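The chain contents come next:
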Amino acid sequence: MTNQQVRLRMSEEKRFQKGYPLILQDYIERLPELQEGELFDLVGAQGTYYGTAYYGVQNKGIGWIVSKDPVTQLDRAYFMKLFKKAYQLRQDLHDDPNTNAYRIMNGEGDHFGGLTVDLYNDQLLLQWYSEGAYSFRRIIYDVLMEVVQPRSVYEKKRFDRGGEYIEQDDFVMGETTTFPQMVKQDGIQYAIDLNDGPMTGVFLDQREVRRYLRDELAEEKTVLNTFSYTGAFSVAALLGGAKSTTSVDLAKRSEAKTIEQMSINGIDFEAQEIRVMDVFNYFNYAERHQMKWDVVVLDPPSFARSKKMSFSTSKDYDMLIERAANVTARKGTIIASTNTASLDMKKFKKLIEEGMRKAGRNYKIVEEFHLPSDFRTPRSFREFDYLKVLILQLKN
Ligand code: SAH
């Protein structure tokens, strides 16, 4: 059995010489007839072999390179080696008594794009990004049951049009459990539900930022947490000795979720402000009443819903910074976060500069966060490290 060959456009060969893992439709001359999950060999104009990839149409791209040596089948031995290696690389987290929720396999960073695997205490959550990746599921479940020995396995399919989550029963195998379950990161408790739509209750990739807020920033401070979801940043701040927190999120269920999150961490939620509200309306309200906070957290989705306006992180972050700066106390701090892959650090910093200039505030960047080590990314290509968080210390 041999793989079909897929020929790269000459202009695109360079990136694959350097080990780029993702194949976009635009990169190739002509796409042969391929089945989802089928392997093909990526070759240059002169026939140079660049690697073997699997075909899987996802939000961005049509496949991932999975091997630098010719292979015609991804079998049990292949995945066993891959998952064992990935699992061993997280030894520091397996050994950490304060953390039991983290990523044990991060797609292309662990040499198989289109799938991520997270450990939530003793339960696994797999997220599939293409039909092609999903075609390997039988072997992958089997291998993971052996390597990790989880109590149960859940999954999310994210390969509907535009990479949308497909509404389904997320349970795959093992013991059925009732949710919420408790997990922890750095000693902070989170109530999670692996079978309740696209989100689980906690974003595992913000671990280091929440720890920084708790350990380095929060003490005696007032904190405004915007786009707060389950209030994870508010909880981190309160555990770090914050004087008070205000959590603002548009989603109705965020209130109950925030109350739950605070309660399981021993926090009296009634002493905290929780607002179910559009962030931009809340900024209007706060400005009108001249309210100020010592620390403001900004963690918007790539596209924010809003009744009156549409907000796109990659276009409008300057406006968000300006609004935040207007309610930040003298010499306060803004935590500016984005997980928008298409917004690179350079452009992100430019938008921040612009927003601060409009607000008339001077600042310096005192800390910079990216994806934590369990969210491994291909070394030479920054674009896969989608998380960018800057700690902005205001000077006036
Ligand atoms: N910071 C959170 C994650 C944010 S997820 C954490 O650390 O867990 C993005 C959140 O933004 C969602 O909960 C969504 O309901 C909320 N959201 C989207 N548009 C909004 C708007 N205009 N105003 C307030 N919240 C909004």
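Owing to the predicted nature of the structure, the values given are computational and were not obtained by experimental measurement.

Turning our attention to the pattern of salt bridges. Tallied over the full model, the rule gives 20 salt bridges. Arginine 376 is the salt-bridge partner of aspartate 110, the closest N and O atoms lying 2.8 Å from each other. With a gap of 266 residues between them, aspartate 110 in the loop between strand S6 (101-106) and strand S7 (115-120) and arginine 376 in the loop between strand S20 (363-369) and strand S21 (388-394) connect regions that are remote in the sequence. On the basis of relative accessible area, aspartate 110 is assigned to the buried category, the value being 4%. Taking relative accessible area as the criterion, arginine 376 reaches 25% and is therefore assigned partly exposed. We note a salt bridge from lysine 358 to aspartate 318, for which the minimum N-O separation is 3.4 Å. Highlighted residues: lysine 358 in helix H11 (residues 345-359) and aspartate 318 in helix H10 (residues 313-326), separated in sequence by 40 residues. Judged by relative accessible area, lysine 358 falls into the partly exposed class, the value being 43%. Accessibility expressed as a relative area gives 12% for aspartate 318, which makes it buried.

Glancing now at the UniProt feature "domain: RlmI-like PUA" (unreviewed entry) in the protein chain. If you check UniProt for "domain: RlmI-like PUA" (unreviewed entry), the listed places come out as residues 6-68 in our numbering. Helix makes up 8% of residues 6-68 and strand 33%. Its end C-alpha atoms lie 15 Å apart.

This brings us to the site of the ligand. As a matter of local geometry, the ligand sits amid 15 residues, with Phe227, Asp249, Val279, Asp299 and Arg305 nearest to it. One of the side-chain nitrogen or oxygen atoms of aspartate 249 is found 2.7 Å away from an oxygen atom of the ligand. Considered on its own, the ligand offers 580 Å² of accessible surface; in the complex 94% of this is hidden by protein. The residue makeup of the shell around the ligand, split by class, is 10 nonpolar, one polar and four charged.

Further remarks concern the sheet that holds strand S2 (residues 22-23). Spatially, five strands are ordered S1-S3-S4-S5-S2 in an open sheet, and the strand pairing comes out mixed. Looking at strand neighbours, the two that pair on one side only are strand S1 (4-7) and S2, the edges of this open sheet. Relative to strand S3 (residues 39-43), S1 is paired through four bridges, and the arrangement is parallel. Following the sheet pairing, glutamine 5 is matched in S3 by aspartate 41.

Another point: the sheet that holds S20. On the basis of which strands lie adjacent, the open sheet formed by seven strands has the order S15-S14-S13-S16-S19-S21-S20 and mixed pairing. The strands lining the two open edges of the sheet, one partner per strand, are strand S15 (273-276) and S20. Along the sheet, successive strands turn relative to each other by an average axial angle of 15°, direction set aside. Together, strand S16 (293-298), strand S19 (328-338), S20 and S21 form the strand contacts of helix H6 (residues 207-217), whose direction differs from that of S20 by roughly 130°. Lying on the sheet, helix H9 (residues 279-288) is in contact with strand S13 (222-226), strand S14 (244-249), S15 and S16; it crosses S13 at an angle near 145°.

This brings us to the domain arrangement of the protein chain. A common way to report how large an interface is uses the accessible area buried once the components associate. What the domain assignment lists for the protein chain is domain 1 (4-67), domain 2 (76-178) and domain 3 (203-394). Here the C-alpha centre of domain 2 lies 25 Å away from the C-alpha centre of domain 1. Residue-level contacts link 12 residues of domain 1 with 15 residues of domain 2. When domain 1 packs against domain 2, the two sides together hide about 910 Å² of surface, and 62% of this comes from carbon and sulfur. Joining domain 1 to domain 2, the criterion identifies three residue pairs in polar contact (both at pLDDT 80 or more). Those elements that place two or more of their residues in the side of domain 1 that touches domain 2 are strand S4 (49-55) and strand S5 (63-67). The biggest single contributor to the side of domain 1 that touches domain 2 is S5, with three residues. Looking at the side of domain 1 that touches domain 2 residue by residue, the classes come out as seven nonpolar, four polar and one charged.

Another aspect to go through is the UniProt feature "domain: S-adenosylmethionine-dependent methyltransferase" (unreviewed entry) in the protein chain. The sites that UniProt annotates as "domain: S-adenosylmethionine-dependent methyltransferase" (unreviewed entry) are residues 175-375. Measuring from the first to the last C-alpha atom of residues 175-375 gives 27 Å, for a span that is 35% helix and 26% strand.

On to the packing of aromatic side chains, then. What the rule picks out here adds up to 26 aromatic pairs. Taking 5.9 Å as the distance between ring centres and 75° as the angle between the ring planes, the aromatic pair formed by phenylalanine 16 and tyrosine 27 counts as edge-to-face. Note that phenylalanine 16 is positioned in helix H1 (residues 13-17) and tyrosine 27 in the loop between S2 and S3, a separation of 11 residues in sequence. A relative accessible area of 3% places phenylalanine 16 in the buried class. Residues tyrosine 20 and phenylalanine 384 carry aromatic rings whose centres are separated by 5.7 Å and whose planes lie at 45° to one another, so their mutual orientation is tilted. Here tyrosine 20, found in the loop between H1 and S2, pairs with phenylalanine 384, found in the loop between S20 and S21; they are 364 residues apart in sequence, far enough to count as distant. Since its relative accessible area comes to 2%, tyrosine 20 is described here as buried. Residue placement shows arginine 15 over the ring face of tyrosine 20; its charged tip is 5.3 Å from the ring centre.

Parameters at a glance
Residues numbered from 1 in each chain as written. Predicted model: local features only at pLDDT ≥ 70, side-chain atom pairs only at ≥ 80, totals over all residues. Heavy atoms only, no water. Salt bridge = Lys/Arg side-chain N within 4 Å of Asp/Glu carboxyl O. Helix = DSSP H or I, 4+ residues; strand = E, 2+ residues; numbered from the N terminus. Buried < 20%, exposed > 50% of the residue type's maximum accessible area, 1.4 Å probe, protein only. UniProt positions renumbered as here; feature names shortened; annotations may be inferred. Near = heavy atom within 4 Å. Polar contact = N/O pair within 3.5 Å; in protein donor to acceptor, adjacent residues only side chain to side chain. Areas by Shrake-Rupley, 256 points an atom, 1.4 Å probe, with all protein chains shown as cover. Nonpolar A, V, L, I, M, F, W, Y, C, P; charged D, E, K, R; others polar. Pairing = 2+ DSSP bridges. Axes fitted to C-alpha atoms, helices over the stretch in contact; angles between N-to-C directions. Contact = heavy atoms within 4.5 Å. Domains from an automatic or database assignment. Buried area = accessible area lost by both parts, 1.4 Å probe. Phe/Tyr/Trp six-rings, centres within 6.5 Å; stacked < 30°, edge-to-face > 60°. Lys NZ or Arg CZ within 6 Å of the ring centre and 35° of its normal.

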